[in-house]
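Residue-level listing of the chains:
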Amino acid sequence: MVEAASPQGRCASCRLTRAIPDLSDPDNLRYLVRIEAAKRRLISQLIELGAPICSKIDEDPDSGMMFDFLRPSPNGPQVLTGHANGLITLNVEEADDAVREKVRHALREPYRTLLGHFRHEIGHYYWDRLIWNRKWLEPFRELFGDERASYAEALKRNYEQGPPKDWAQSYISAYATMHPWEDWAETWAHYMHIGDSVNTAMGFGLSADDVEGDVECFGRDAPTRLTTRAPTFSCGW
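Residues numbered from 1 in each chain as written. Predicted model: local features only at pLDDT ≥ 70, side-chain atom pairs only at ≥ 80, totals over all residues. Heavy atoms only, no water.

Trainee: Is there a simple way to explain the overall build of the protein chain in this structure?
Mentor: Check the secondary structure of the protein chain and you find 7 helices and 4 strands. Taking the contacts inside the protein chain whose residues are at least 6 apart along the sequence as the reference set, 62% of them involve residues at least 24 apart. Surface accessibility of the protein chain: about 14,500 Å² in total, with carbon and sulfur atoms responsible for 55%. (Helix = DSSP H or I, 4+ residues; strand = E, 2+ residues; numbered from the N terminus. Contact = heavy atoms within 4.5 Å. Areas by Shrake-Rupley, 256 points an atom, 1.4 Å probe, with all protein chains shown as cover.)

So, in structure tokens, the structure goes:
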């Protein structure tokens, strides 16, 4: 829902989209509907978590986020799903179940979904916003590893050798073993998966009132308390 007087004229999710494929192609229209539905779930959960969200398009060009949904042309360059400086790019053909399943099988992945892509890539975005150049950087390196290691070499090693045989003892997924950045993004994504699952269970009436356990809550003010300098981001950072 958007207020009639809103200067953006679009909802909190749609205003983050910068590029879409040619909608005169009915396949592209079908893909975009599925993609935007998954993105709304992502943005809704980020709002629930209290994560600041602002548009790189018209609010914060330096630190905001935006999305490009592109379809490769037959003779054009390949479109790779990924994150770079706040821009999340998605190959819209991932919205085709048959195409996505073929890729999943080729890469020997246990699952591959649109929402999973979004949650993983947004994890890279929040690493830039929360970890880089802050007090959390050294603790991050102690837990996840040194992100200054060559990403290109890590990628090559992952696809040539695969993950360590005992990866499940220390990592949330096999892909998380590739590089500290990917370990973080996979952990972030799975945190969101778990949170969504718990909310679904609560929606069906499951109560955790009788569950006992000692938990140190991770409050929303934690990033502010632990930064070495005042946040310089707009839109609530």
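The structure having been displayed, the exposition proceeds.
Trainee: Teacher, can you tell me more about the nonpolar core here?
Mentor: When a protein is soluble and globular, its nonpolar side chains tend to lie buried together. Grouped together as the largest cluster of nonpolar side chains are 33 residues, with contacts concentrated most on Ile35, Leu42, Leu46, Met65, Phe67, Ile122 and Tyr126. Among the elements of the structure, α1 (26–49), β2 (66–70), β4 (87–91), α3 (114–130), α4 (137–144) and α6 (180–203) are those that each provide at least two residues to this core. Broken down by element, the residue count for this core peaks at 8 residues, all from α3. In contact with isoleucine 35, other than residues within four places in its own chain, are Phe69, Leu90, Val92, Ala95, Leu114 and Phe118. (Core = buried A, V, L, I, M, F, W, Y, C linked by side-chain atoms within 4.5 Å. Buried < 20%, exposed > 50% of the residue type's maximum accessible area, 1.4 Å probe, protein only.)

Trainee: Just to check I follow, could you spell out the packing of aromatic side chains for this structure?
Mentor: The description of two aromatic rings rests on the distance between their centres and on the angle between their planes. According to the stated counting rule, one finds 13 aromatic pairs in the structure shown. Summarising the aromatic geometry, the rings of tyrosine 125 and tyrosine 126 are spaced 4.9 Å apart at their centres and angled 75 degrees between planes, so their arrangement reads as edge-to-face. We note that tyrosine 125, like tyrosine 126, is buried. These aromatic residues form a ring-pair network of at least three members: Tyr125, Tyr126, Trp127, Trp132, Phe140, Phe144, Tyr151, Trp181, Trp184 and Trp188. Stacked on the ring of phenylalanine 67, the Lys or Arg lysine 39 has its end atom at 5.2 Å from the ring centre. (Phe/Tyr/Trp six-rings, centres within 6.5 Å; stacked < 30°, edge-to-face > 60°. Lys NZ or Arg CZ within 6 Å of the ring centre and 35° of its normal.)

Any functional reading would require information that these geometric values do not contain.
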